[in-house]
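Below are the chains, spelled out letter by letter.
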Amino acid sequence: MGKLDNFKRSLWVFHASGGSCNACDIEIVAALTPRYDVERFGIKLVGSPRHADVLLVTGAIPRDFADKLRRVYEQMPEPKAVVVVGNCGTSGGVFYDSYNIAGPIDEIIPVDVYVPGCPPRPEAIIDAVVKAWLKVEKLEKKLEGKEE
Amino acid sequence: MTPETIFYSVAFPLLGVFLGLVYKGIDRRISARLTSRIGPPIRQPFWDVGKLLLKETIVPKNAIAWLFNAMPILAFASSLTLLLYIPFGVLKAPLEGYGDLVVILYLLTLQSLAMAIGGFASGSPFSSVGAQREMVLMMSYEMPLATVIVGFALIYRSFSLTTIASTPVWSIVSPLAAFGVLLLFVALLTVTPAELAKLPFDIAEAETEIAEGMLAEYSGRNLALFYLSDAVRGFAMAAIEVVLFFPFTLSSILGLSLTGFALYAVEALWFLLKVLIIYLLAVTLVRTSFGRFKIDQASRIFWVHVNLVALLGLALIWVGV
């Protein structure tokens, strides 16, 4: 159990934005500001998917971006979790019947936590990342079980 | 090799890793407070390392696997070796007599070099760009760094760090040369963030432009080793600056006459305090206050401005000593 504590307290987040209108992205950045300061929980934005534990995805994914998103997901080391931020990513939002989007994000990569809202508040995003911890922990337990 | 040396050679690196992570935690906490955030707990770097060690370690398909995996180990080993050459307060350096300031210069270079080679071996364009930037930056700041070391060799007629630590530099030079030493100190303080790849000179690891640069493809255990070597190097660099410029012992300032364990305990804490102050001044304050330079700006700063300051300092020492 002691090993999993490290995951609870240190979570590095990679943010992939595809076709987002920048509103969700701004709210994600707002979580880093003095008002919300996620660094006090050990949550940190990193610049490379290889360093990340959680993938934050925003926006209705255009068809051209779908395979790039899949590659970003595959580049992340296990255990990993995916959080979708905003209405566009969860359901397609106002673009749900557009000819140009590849559908909601859970049709492209497995999603663990959805954060609806246009845009969602930073509190909601922090809550989602915390929920992603639970999933990462579950995965880690499964990995440990395999080793035994 | 006496048993004592072997004990120190094991104990110092362990202590160094611990202290490096603690200093990194303090650095993050203070940096957060300076931007009116609460900041992570001081234990945060330990949790980060613990987590990285649990993660999967990926070797990219088009990387040169053996080089890619060897470089984090080389960086970590060279940073631990670096610790063995630094006299902690009144303690002698464990490898005293086996090397001197020039070896320290090489070990500092080796670490940056290992990161750059690891970046080239990753087979990712981001890493290659990062590694090239690191090489350019290294070529820029090595000259002022070497000038500082030559300056000290001129004063003491010796490269040994223990000789330098035993007599404070300010007490044996003329006022003119003391001004030169001050200029060398300014030059070394400017080189510190570049040496440690911290803002404003973290151009090789710019996370927003080139996806963490040299480290872009590293994950899991390899990344943890780089993280540790970065922490140790930060502590070691600040410790070197303290040994070179502020080797004053607390008992000599206050006129205390301590002996035995009390002496070692008090002096060790005093040394750690001095290192912390230098670390906060040279790294935390600077990285919180400045944005990132472009590589050509950084190169110009070191080749023109810092070099001028360092060479002027060297000239004053040469005239004044």
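The text that follows walks through the structure, step by step, so that each part is easy to find. (Residues numbered from 1 in each chain as written. Chains lettered and ligands numbered in written order. Predicted model: local features only at pLDDT ≥ 70, side-chain atom pairs only at ≥ 80, totals over all residues. Heavy atoms only, no water.)

## Thoughts on the overall build of chain B
Part 1 of the reasoning: If you tally the helices and strands in chain B, you get 12 helices and 0 strands.
Part 2 of the reasoning: Projected onto its principal axes, the C-alpha coordinates of chain B cover approximately 60 × 45 × 45 Å.
Part 3 of the reasoning: Within chain B, the fraction of its 321 residues that count as buried is 57%.
Part 4 of the reasoning: Counting every atom, chain B has about 13300 Å² of accessible surface; 72% of that belongs to carbon and sulfur. (Helix = DSSP H or I, 4+ residues; strand = E, 2+ residues; numbered from the N terminus. Buried < 20%, exposed > 50% of the residue type's maximum accessible area, 1.4 Å probe, protein only. Areas by Shrake-Rupley, 256 points an atom, 1.4 Å probe, with all protein chains shown as cover.)

## Topic: the overall build of chain A
Part 1 of the reasoning: Summing up its helical and strand segments, chain A has 5 helices and 5 strands in all.
Part 2 of the reasoning: Starting at the N terminus and walking to the C terminus, you meet the elements of chain A as α-β-α-β-β-α-β-α-β-α.
Part 3 of the reasoning: Of all 148 residues assigned to chain A, the portion counted as buried reaches 52%.
Part 4 of the reasoning: Pairs at least 24 apart in sequence give 82% of the contacts found in chain A among residues at least 6 apart.
Part 5 of the reasoning: Here chain A displays about 7000 Å² of accessible surface, and carbon together with sulfur accounts for 54% of that area. (Contact = heavy atoms within 4.5 Å.)

## Some details on the sheet that holds strand β1 (residues 11–17) of chain A
Backbone-to-backbone hydrogen bonds join strands into a sheet, with any given pair of strands oriented parallel or antiparallel.
Residues and elements named next belong to chain A.
Part 1 of the reasoning: Spatial ordering of the open sheet is given by β2-β1-β3-β4-β5, a layout of 5 strands whose pairing is parallel. Since the sheet does not close on itself, it has two edges, and those belong to β2 (43–45) and β5 (113–115), each with one partner. Mean inter-strand twist for the sheet, computed between neighbouring axes without regard to direction, equals 25°.
Part 2 of the reasoning: Judged from the 3 bridges that link them, strand β4 (residues 81–85) and β5 form a sheet pairing that is parallel. Residue pairing across strands places V84 opposite Y114, the latter belonging to β5. (Pairing = 2+ DSSP bridges. Axes fitted to C-alpha atoms, helices over the stretch in contact; angles between N-to-C directions.)

## Topic: the packing of helix α4 (residues 101–121) of chain B against helix α9 (residues 220–245) of chain B
Residue and element names in this part refer to chain B.
Part 1 of the reasoning: Two numbers describe how α4 lies on α9: the axes approach to 12 Å, and their chain directions differ by 155°. As the angle between them shows, α4 and α9 are arranged roughly antiparallel. Seen along the crossing, α4 lies across α9 with a hand that is left-handed. In this structure, α4 uses L101, I104, L108, Q111, S112 and M115 to contact α9, whose residues at the interface are F226, S229, R233, M237, I240 and L244.
Part 2 of the reasoning: A breakdown of the residues in the contact of α4 with α9 according to their chemical character gives 8 nonpolar, 3 polar and 1 charged. (Parallel < 35°, antiparallel > 145°, perpendicular 65-115°, else oblique. Left-handed = near helix turned anticlockwise from the far one by under 90°. Nonpolar A, V, L, I, M, F, W, Y, C, P; charged D, E, K, R; others polar.)

## Considerations on the pairing of strand β3 (residues 54–58) of chain A
All names here are of chain A.
Part 1 of the reasoning: Here β3 lies mainly inside the structure; 5 of its 5 residues are buried.
Part 2 of the reasoning: The side-chain alternation of β3 yields two buried faces, one formed by V54, L56 and T58 and the other by L55 and V57.
Part 3 of the reasoning: Bridge analysis of β3 against β4 gives 5 bridges, and the strand direction is parallel. The partner of L56 across the bridge, within β4, is V83.
Part 4 of the reasoning: For the handedness criterion, the β-α-β arrangement of β3, helix α3 (residues 63–75) and β4 is classed as right-handed. (Right-handed = clockwise from strand over helix to strand, strands pointing away.)

## What to know about unusual backbone geometry
Residues and elements named next belong to chain A.
Part 1 of the reasoning: Put simply, C118 and P119 share a cis peptide bond, and its omega is -10°.
Part 2 of the reasoning: The residue N22 is not glycine, and still its phi comes out positive at about 85°.
Part 3 of the reasoning: Note on placement: N22 falls in the loop between β1 and α2 (23–30).
Part 4 of the reasoning: Under the relative-accessibility criterion, N22 is labelled partly exposed at 43%.
Part 5 of the reasoning: Residues other than glycine seldom take positive phi values, yet D37 does so here, at roughly 40°.
Part 6 of the reasoning: Along the chain, D37 falls in the loop between α2 and β2.
Part 7 of the reasoning: Accessibility expressed as a relative area gives 1% for D37, which makes it buried.

## Concerning the nonpolar core
Part 1 of the reasoning: Residues A:L55, A:I109, B:F152 and B:L244 are the most contacted members of the largest nonpolar core, which totals 114 residues.
Part 2 of the reasoning: Top element by residues in this core is α9(B). It accounts for 18 residues.
Part 3 of the reasoning: Setting aside residues no more than four positions away along its own chain, B:L244 makes contact with B:L101, B:F152, B:L161, B:I164, B:V169 and B:L188.
Part 4 of the reasoning: In this structure, A:V113, A:I126, A:V129 and A:A132 belong to the second largest nonpolar core, which totals 22 residues. (Core = buried A, V, L, I, M, F, W, Y, C linked by side-chain atoms within 4.5 Å.)

## Some thoughts on empty space enclosed by the protein
Residue and element names in this part refer to chain A.
Part 1 of the reasoning: Counted by the stated rule, this structure contains 4 cavities of 30 Å³ or more.
Part 2 of the reasoning: Taken as a whole, the largest cavity holds about 110 Å³ of empty space.
Part 3 of the reasoning: Elements that contribute at least two residues to the lining of the largest cavity include exactly β2 and α5 (122–147). (1 Å grid on protein atoms, 1.4 Å probe; cavity = no way out; pocket = protein on both sides within 12 Å on 5 of 7 lines; lining within 4 Å. Points joined across faces, edges and corners; volume = space filled by probe spheres on them.)

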